[in-house]
Amino acid sequence: MQEKLLVYLEEKEKGPIAEEQLREKITLNEEEQSLWERAILTLLQRGSLVRTRTGLLGLPSQMNLAVGRFSASSKGFGFVIPDDVVGQDLFLSPADCNGAMNGDRVMVRIHKHPTTPGRAREGEVIRILERAHQQIVGTFEPVGAYGFVKPDDTKLGADVFVPVHEFGEAKPGDKVILALTRYPEKGRAAEGKITHVLGRADDPKVAMEAI
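Calculation notes
Residues numbered from 1 in each chain as written. Predicted model: local features only at pLDDT ≥ 70, side-chain atom pairs only at ≥ 80, totals over all residues. Heavy atoms only, no water. Salt bridge = Lys/Arg side-chain N within 4 Å of Asp/Glu carboxyl O. Helix = DSSP H or I, 4+ residues; strand = E, 2+ residues; numbered from the N terminus. Buried < 20%, exposed > 50% of the residue type's maximum accessible area, 1.4 Å probe, protein only. Patch = residues over 30% accessible without salt bridge, like charges linked within 9 Å, V, L, I, M, F, W, Y side chains within 5 Å. Areas by Shrake-Rupley, 256 points an atom, 1.4 Å probe, with all protein chains shown as cover. Lys, Arg positive; Asp, Glu negative; His and termini not counted. Charge placed at Lys NZ, Arg CZ, Asp CG, Glu CD. Expected span 1.5 Å × (residues − 1). Bend = angle between axes of the 7 residues up to and from the residue. Polar contact = N/O pair within 3.5 Å; in protein donor to acceptor, adjacent residues only side chain to side chain. Pairing = 2+ DSSP bridges. Axes fitted to C-alpha atoms, helices over the stretch in contact; angles between N-to-C directions. Contact = heavy atoms within 4.5 Å. Phe/Tyr/Trp six-rings, centres within 6.5 Å; stacked < 30°, edge-to-face > 60°. Core = buried A, V, L, I, M, F, W, Y, C linked by side-chain atoms within 4.5 Å. Parallel < 35°, antiparallel > 145°, perpendicular 65-115°, else oblique. Nonpolar A, V, L, I, M, F, W, Y, C, P; charged D, E, K, R; others polar.

Peer 1: How would you explain the pattern of salt bridges if you had to name every residue and give the values?
Peer 2: Oppositely charged side chains can form a pair if their charged atoms are brought close together. Counted under the stated rule, the structure contains eight salt bridges. Between Lys4 and Glu32 there is a salt bridge whose closest N-O contact spans 3.1 Å. With a gap of 28 residues between them, Lys4 in helix α1 (residues 2–12) and Glu32 in helix α3 (residues 30–46) connect regions that are remote in the sequence. Look at Glu32 and you get buried, because its relative accessible area is 16%. Ionic pairing is found between Glu19 and Arg51, a salt bridge with its closest N-O pair at 3.4 Å. With a gap of 32 residues between them, Glu19 in helix α2 (residues 19–25) and Arg51 in strand β1 (residues 50–51) connect regions that are remote in the sequence.

Peer 1: Requested: an account of a negative patch on the surface, with residues and values cited.
Peer 2: On the surface, Glu3, Glu10, Glu11 and Asp84 cluster together into a patch of negative charge. Secondary-structure assignment places Asp84 in the loop between β4 (78–82) and β5 (90–92). By relative accessible area, Asp84 is classed as exposed at 58%.

Peer 1: How would you summarise α3 if you had to cite specific residues and measurements?
Peer 2: End to end, α3 covers 25 Å across 17 residues, agreeing with the expected 24 Å (1.5 Å per residue, within 8%). The largest bend in α3 is about 45°, located at Trp36. For α3, the capping residue at the N-terminal end is Asn29, with a side-chain oxygen 3.1 Å from the backbone nitrogen of Glu31. Once α3 finishes, Gly47 follows within two positions and takes phi at roughly 90°, a positive value.

Peer 1: So what's going on with the sheet that holds strand β6 (residues 105–110)? Which residues, and what values?
Peer 2: Two modes of strand pairing occur in sheets, parallel and antiparallel, and in both the strands are linked by backbone hydrogen bonds. As summarised here, the arrangement of the five strands in space is β5-β4-β3-β6-β7, forming an open sheet in which the pairing is antiparallel. One side of each edge strand has no neighbouring strand; the edge strands of this open sheet are β5 and β7 (123–130). Pairwise comparison of adjacent strand axes, ignoring direction, gives a mean angle of 40° for this sheet. Sheet analysis places β6 next to β7, joined by six bridges and oriented antiparallel. Within β7, the position partnered with Val108 by the bridge is Val125. Packed onto the sheet, α3 meets β3 (65–72), β6 and β7 and runs at close to 130° relative to β7.

Peer 1: Lay out the packing of aromatic side chains with the relevant residues and their values.
Peer 2: For any pair of aromatic rings, geometry is given as the distance between the ring centres together with the angle between the planes. Under the criterion given, the structure shown has seven aromatic pairs. A ring pair is formed by Tyr146 and Phe148, whose centres lie 5.6 Å apart and whose planes are at 90°; its orientation type is edge-to-face. What makes Tyr146 partly exposed here is its relative accessible area of 34%. Residue classification places Phe148 among the partly exposed residues on the basis of a relative accessible area of 26%. Between Phe148 and Phe161 the ring centres are 5.9 Å apart and the planes differ by 75°, which places this aromatic pair in the edge-to-face class. Note that Phe148 is positioned in strand β9 (residues 146–151) and Phe161 in strand β10 (residues 160–163), a separation of 13 residues in sequence. Among the aromatic residues, ring-to-ring pairing joins Phe77, Phe79 and Phe91 into one connected group.

Peer 1: Explain the nonpolar core to me, and be specific about the residues and the numbers.
Peer 2: If you look at the biggest cluster of nonpolar residues, it comprises 16 residues, and the most contacted ones within it are Leu5, Leu22, Ile26, Trp36, Ile40 and Leu49. Elements supplying a minimum of two residues to this core: α1 and α3. If one sorts the elements of this core by residue count, α3 sits on top with five residues. Setting aside its immediate chain neighbours within four residues, Leu5 contacts Leu22, Ile26, Trp36, Ala39, Ile40 and Leu43.

Peer 1: Go over the packing of α1 against α3, please, and point to the residues and values.
Peer 2: Describing two packed helices takes the angle between their axes plus the distance from one axis to the other. Following both chains from N to C, one finds α1 and α3 inclined at 70°, their axes separated by 9 Å at the closest point. Taken together, the axes of α1 and α3 lie roughly perpendicular to each other. For the pair α1 and α3, contact is made by Gln2, Lys4, Leu5 and Leu6 and by Glu32, Trp36, Ala39, Ile40, Thr42, Leu43 and Arg46, respectively. Residues of the contact of α1 with α3, tallied by class, amount to six nonpolar, two polar and three charged.

Shown next, in the form of structure tokens:
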């Protein structure tokens, strides 16, 4: 059912269409009729289908959008390689990453006019479809009534904020496992709680366990 919808939109429609019209145009058997709403919801959640502000349905490619996996740089910028365009990556400046973390599956609006010389394609994250990380490993450092965990993976970006009541048994310089309770947003750091203390960050055995 999902494949049938996508193929029809790609081959028969040049832009977004009302759901009622789409349902009238596609020939569906009784079983497919019963699967319609579930198929639409799944495609929307996956980012294969987009609903506009006016309620129309269309493919991302029909709306100057792309869906793919976000690859972050330790310097703050990142890249997205769209699912449907191999080898044509999109460059994202730090201001355009909008809370995406390395490995996240994202939807990106493609900029019509690149601002970086030498870049053919640039974009901006407008929606995070799937988070790649629920927990991270890093080094804990308290600062008064709050603290931070510095991720071991430098591609995960800025330190994660930890409220004092979420320190657990962690001490300064401990290697810890932290569960993310809030993901980063534009201008706001990620937040989490420490769930496991692995030991001293400078202990070789702890370093191996962290890896």
